[in-house]
Amino acid sequence: MAADDAGELLEMLEEIEGLLQLPDVPEHTLKARRLALSVARRSPRGGVANLAMILYSQIIDLSGGAEPAPVTMGKLQTTLERIRSALKT
C-alpha cells in the first residue's frame, strides 16, 4: 500500500475516533459509520477491510443498535488500534 493511501486511511481513523467521543450524537455516529465503510472500500488489503467492517458494526452497536449488550468503547478502541497496526505494516 502506498504511504499516501495509508496516511489518508489513518486520518479517517483519527476522525472516527474524534467523532465517537460523543457517541450519542446521531450525526457523529452516522459520519463515523460512513468513514469506516470508506476505509473498508479503499483498503487494498482484505485484512484491513475486514477490520473496518467490524468497526462499522461496532459503531452501530455502540449507538444502541445491538441487544442485549452493546459494544464497549474499549472494544472499539482495540479495533481501531488493530486497523492502525495493519496499515502501518
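Definitions and cut-offs
- Residues numbered from 1 in each chain as written.
- Predicted model: local features only at pLDDT ≥ 70, side-chain atom pairs only at ≥ 80, totals over all residues.
- Heavy atoms only, no water.
- Helix = DSSP H or I, 4+ residues; strand = E, 2+ residues; numbered from the N terminus.
- Buried < 20%, exposed > 50% of the residue type's maximum accessible area, 1.4 Å probe, protein only.
- Contact = heavy atoms within 4.5 Å.
- Areas by Shrake-Rupley, 256 points an atom, 1.4 Å probe, with all protein chains shown as cover.
- Salt bridge = Lys/Arg side-chain N within 4 Å of Asp/Glu carboxyl O.
- pLDDT = per-residue confidence, 0-100.

Chemist: Quick question: what am I supposed to make of the overall build of the chain here?
Modeler: A tally of helices and strands in the chain yields four helices and zero strands. Its helices and strands taken in sequence order, the chain reads α-α-α-α from the N to the C terminus. The buried share of the chain, reckoned over its 89 residues, is 36%. By sequence separation, contacts in the chain at least 24 residues apart represent 57% of the contacts at least 6 residues apart. Summed over its atoms, the accessible surface of the chain is roughly 5100 Å², and 52% of this surface lies on carbon and sulfur atoms.

Chemist: What am I meant to see in the side chain of Glu17 here?
Modeler: Here Glu17 shows up in helix 1 (residues 3-19). Residue class for Glu17 comes out buried when judged on its relative accessible area of 19%. Excluding anything up to four places from it in sequence, Glu17 contacts Gln77, Leu80 and Arg84.

Chemist: Teacher, can you tell me more about the pattern of salt bridges here?
Modeler: Close approach of charged atoms lets side chains of opposite charge pair. Within this structure, the stated rule accounts for four salt bridges. Close ionic contact of Arg42 with Glu8 constitutes a salt bridge, the shortest N to O distance being 2.4 Å. With Arg42 in helix 2 (residues 26-42) and Glu8 in helix 1, the pair connects residues that are 34 residues apart, well separated along the chain. Linking Arg84 and Glu17 is a salt bridge whose minimum nitrogen-to-oxygen distance equals 2.5 Å. Note that Arg84 is positioned in helix 4 (residues 73-88) and Glu17 in helix 1, a separation of 67 residues in sequence. Taken individually, Arg84 and Glu17 each receive the classification buried, so the pair is uniform in this respect.

Chemist: How do you make sense of the confidence of the model for the chain when you look at a structure like this?
Modeler: Close reading of the predicted structure is inappropriate where its pLDDT is low. Looking at the chain as a whole, its pLDDT mean stands at 88, while 89% of the residues score no less than 70. The element-level mean pLDDT for the chain is lowest in helix 3 (residues 46-65), coming to 90, with helix 2 highest at 95.

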